Amino acid sequence: MEMQIRNENRVRFESIGAYVPEKIVSSEDLINRMKMKIDVDVERITGIKYRRCVSPSEKSFNLALNAAHECLRNSRYTAVDIDVIIYTSITRSVDDKMLQYDPAMSQMIKKAIGADRAFEFDIVNACAGMLSGVYILESMIRSGAVKNGMVVSGEYITTIADRAVDEISEPLDPQFASLTVGDAGAAVILDGDGDDSACIDFIEFATAAEFSELAYGLPSEKTAGLQMVADSKAIHMEVLGRVVPLLQAIREKYNVDGDDYDYVLPHQTALKIMEVGRQILAQHFRTTRVATLTRIQDFGNTASTSHFLVLYDHLKEKNIPDGSKIIFFVFASGIQFGFLSTKIGGLKIKELENDELELTEWAS
Amino acid sequence: MGIVIKSSAICVDPESNSAVELAARAGEECMANSGLRREEVDLLIFTGVFRDDNIVEPAIAALVQKRMGLNTDPVSDGNVIGTTFSFDLIKGRCGFLYAAKVAQGMIENGRAAHALIVSSDVHPSCKYHPEFPITHSGAAALLSRTENGRGFQKIIFNSTTDSYTGEIVYVGENEGTKARKAITIEREKDYILRAGDLARKTAKKYVQGESVNPRNVKLLITTPHGKSWEKDLSRSLGMNHYTKSVNIYKKYGDTYSSALIFGYFHAVRDEKLKEQDEVLFVAAGAGLSSACCRYIV
């Protein structure tokens, strides 16, 4: 159905922040810790060498809060300028609470950063959480309901890796994918000051709920903490193929084609799967030069934060020039298919000031 | 352009103790009342707080979408045949008005034509618990666009910035291997009082800021925290002589995230509302958090 679209504001990513905990755990360390000794090479199968893990005092909330502060440091806005805060993680741990439902985590973030003017709510949508939050915020800015907003997430997700280490009993165990995750926080601020040099072109989402029961995350009844059980084989064999017709429909709807994209930014699951995704894009968007953005080797799959952690890290290393065009893919439990197309410009990670450096060194 | 509640439904059944089932049953009845086909729902938002087995993924909305059969597979024979986007929104007792705000943005931008908002709350064990203070309940409201200026007017939110939260709903780490079936609700002694104060402040700010004439408000629908909550609120807004209120609490107890839809559904079913009547929605809950909106039938 064709609808009249009000499109007063062009929305852009204004700033970005991310945070990873200091502790580094290799895939080898993880396998060596497994109770049941099995012959499985996580690094070879997924390309993941390392992931970051929280210290005992760090929870989802702390990871998100650090990312929110870093995002504000890179923004022209201060906390009191923010109109809306959308918190979007799978894990919801704070202090000694494994899952906090109410008050919403977004209100905890609002209080902690002093965003006194903002209204706030949480979105939960598995690993598609942050991109779902961006979609919702982009709609609000375009319709004029708000001028700007922050989407923020913190994932203390290695709790599911610990369950896998303790509970896996065979190589094809439904918890195998849990060995790929890492902890991180990420935050982005969007505003309505987009233009030809920096602007989100489109966002599309579809939920293939027929397959919603193929992956579950919930508290384990064998050992304490969250576990994820997934029929990874069914997900990849039966569901992933739907990305092709969805991409074709998007290509027709938005008239994208040829060498439109510099980078594809997929959800960080495994190198081989991401390469298949890149090839599908190259074939169906007929784009030859598109490169994959990843940091999976060092951070693993950081759940809902994964796209923005990777983007932050590449921006920090000045790998992505202004004017680059990026297409984000997400494929997450639900099953969620999400696509976001944007041109990046003016998105900078500020160098730390001298006094900030000193403080960091002192704190560590 | 605005958005209007096309239909609503509720579900309470002592035999049904699953959040997915209660939300889906309310959703199905809501669809049946709407005259729309289920394929026409392109946005599904679940706003419940207490859920089956403390599931963290997928979104409960996806499980409800599957159960209701709403465009569950967007692709058939290699073609895109229709899509629904579903996700959960968590904002305690105020979730419905936040979801309405989200739906407003999506519908105004042409990203959705019809948004189904569903909610439900159950003990995570999916069993009746005599000491669990929340009524196992589900509700649904179908929101569609309208060009006649009726429906949701401006929605405002007001949440506190100090450290007081009033109420906390959580699963403690100390639950260990029992965490799947465990839930804790902690309430400060003065929570109801302070949540009431905030609700009143927010409603007053709305009435003044949006030039609402209390004489024109036909019905006050709130998230009741007790038997006289809505009467106190109505009185303090100077409405009691002109305005009726729905007390869901007396009949159903604490329906948490579903309370506003329960109130609206009952008002419509009991024929308390006619076209052009003004309704004031006022929600308050943990955080502290509150929301207010005028609605024209």
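That block above? That's the structure.
Predicted model only: the values in this text are computed from it and were never measured. (Residues numbered from 1 in each chain as written. Chains lettered and ligands numbered in written order. Predicted model: local features only at pLDDT ≥ 70, side-chain atom pairs only at ≥ 80, totals over all residues. Heavy atoms only, no water.)

Quick word on the overall build of chain A
Tallying secondary structure elements over chain A gives 12 helices and 15 strands in all. For a compact globule of 364 residues, the expected C-alpha radius of gyration is about 21 Å, and chain A comes in at 20 Å, within 12% of that figure. On the principal axes, the C-alpha backbone points of chain A span a range of 60 × 50 × 35 Å. Taken across its 364 residues, chain A has 65% of its residues classed as buried. For chain A, long-range pairs separated by at least 24 residues make up 79% of all intrachain contacts whose partners lie at least 6 apart in sequence. Element-wise, carbon and sulfur atoms account for 50% of the exposed surface of chain A, whose accessible area totals about 13800 Å². Taking the average location of the 38 positive side-chain charges in chain A and that of its 54 negative ones, the two points are 2 Å from each other. (Helix = DSSP H or I, 4+ residues; strand = E, 2+ residues; numbered from the N terminus. Rg over C-alpha atoms; globule rule 2.2 N^0.38 Å. Buried < 20%, exposed > 50% of the residue type's maximum accessible area, 1.4 Å probe, protein only. Contact = heavy atoms within 4.5 Å. Areas by Shrake-Rupley, 256 points an atom, 1.4 Å probe, with all protein chains shown as cover. Lys, Arg positive; Asp, Glu negative; His and termini not counted. Charge placed at Lys NZ, Arg CZ, Asp CG, Glu CD.)

A closer look at the sheet that holds strand E13 (residues 291-292) of chain A
Residues and elements named next belong to chain A. Pairing is mixed in the open sheet, where five strands are placed in the order E9-E15-E14-E12-E13. A strand with exactly one partner marks an edge of an open sheet, and here the two such strands are strand E9 (199-207) and E13. Across eight bridges, strand E14 (residues 325-332) lies against strand E15 (residues 336-343) in antiparallel orientation. Paired with Lys-325 across the strands is Lys-343, a residue of E15. (Pairing = 2+ DSSP bridges.)

Side note on a negative patch on the surface
A cluster of acidic residues, Glu-28, Asp-29, Asp-39, Asp-41 and Glu-43 of chain A, forms a negative patch at the surface. Inspection of the secondary structure puts Asp-41 of chain A in the loop between helix H1 (27-33) and helix H2 (42-46). (Patch = residues over 30% accessible without salt bridge, like charges linked within 9 Å, V, L, I, M, F, W, Y side chains within 5 Å. Salt bridge = Lys/Arg side-chain N within 4 Å of Asp/Glu carboxyl O.)

Here we look at the packing of aromatic side chains
Under the criterion given, the structure shown has 26 aromatic pairs over all chains. Between the aromatic rings of Phe-119 of chain A and Tyr-98 of chain B, the centroid separation amounts to 6.4 Å while the plane-to-plane angle is 50°, which identifies the pairing as tilted. In this pair, Phe-119 of chain A is assigned in strand E6 (residues 119-124) and Tyr-98 of chain B in helix H3 (residues 95-108), connecting two distinct chains. Residue Phe-119 of chain A shares its accessibility class with Tyr-98 of chain B, and that shared class is buried. Consider the rings of Tyr-264 of chain B and Tyr-295 of chain B, whose centres lie 5.7 Å apart with planes at 75°: the pair is edge-to-face. Within this pair, whereas Tyr-264 of chain B is found in helix H7 (residues 259-269), its partner Tyr-295 of chain B is found in strand E14 (residues 289-296), the two being separated by 31 residues in sequence. Overall, the relative accessible area of 1% leaves Tyr-295 of chain B in the buried class. (Phe/Tyr/Trp six-rings, centres within 6.5 Å; stacked < 30°, edge-to-face > 60°.)

Let's talk about the side chain of Arg-92 of chain A
You can see Arg-92 of chain A is positioned in the loop between strand E4 (84-87) and strand E5 (97-102). By relative accessible area, Arg-92 of chain A is classed as buried at 3%. At 2.8 Å, the side chain of Arg-92 of chain A and the backbone oxygen of Gln-100 of chain A are in polar contact. Arg-92 of chain A has contacts with Ser-60, Lys-97, Met-98, Leu-99, Gln-100, Tyr-101, Ala-104, Met-105, Asp-122 and Val-124 of chain A together with Ile-90 of chain B, leaving out every residue within four places of it along the chain. (Polar contact = N/O pair within 3.5 Å; in protein donor to acceptor, adjacent residues only side chain to side chain.)

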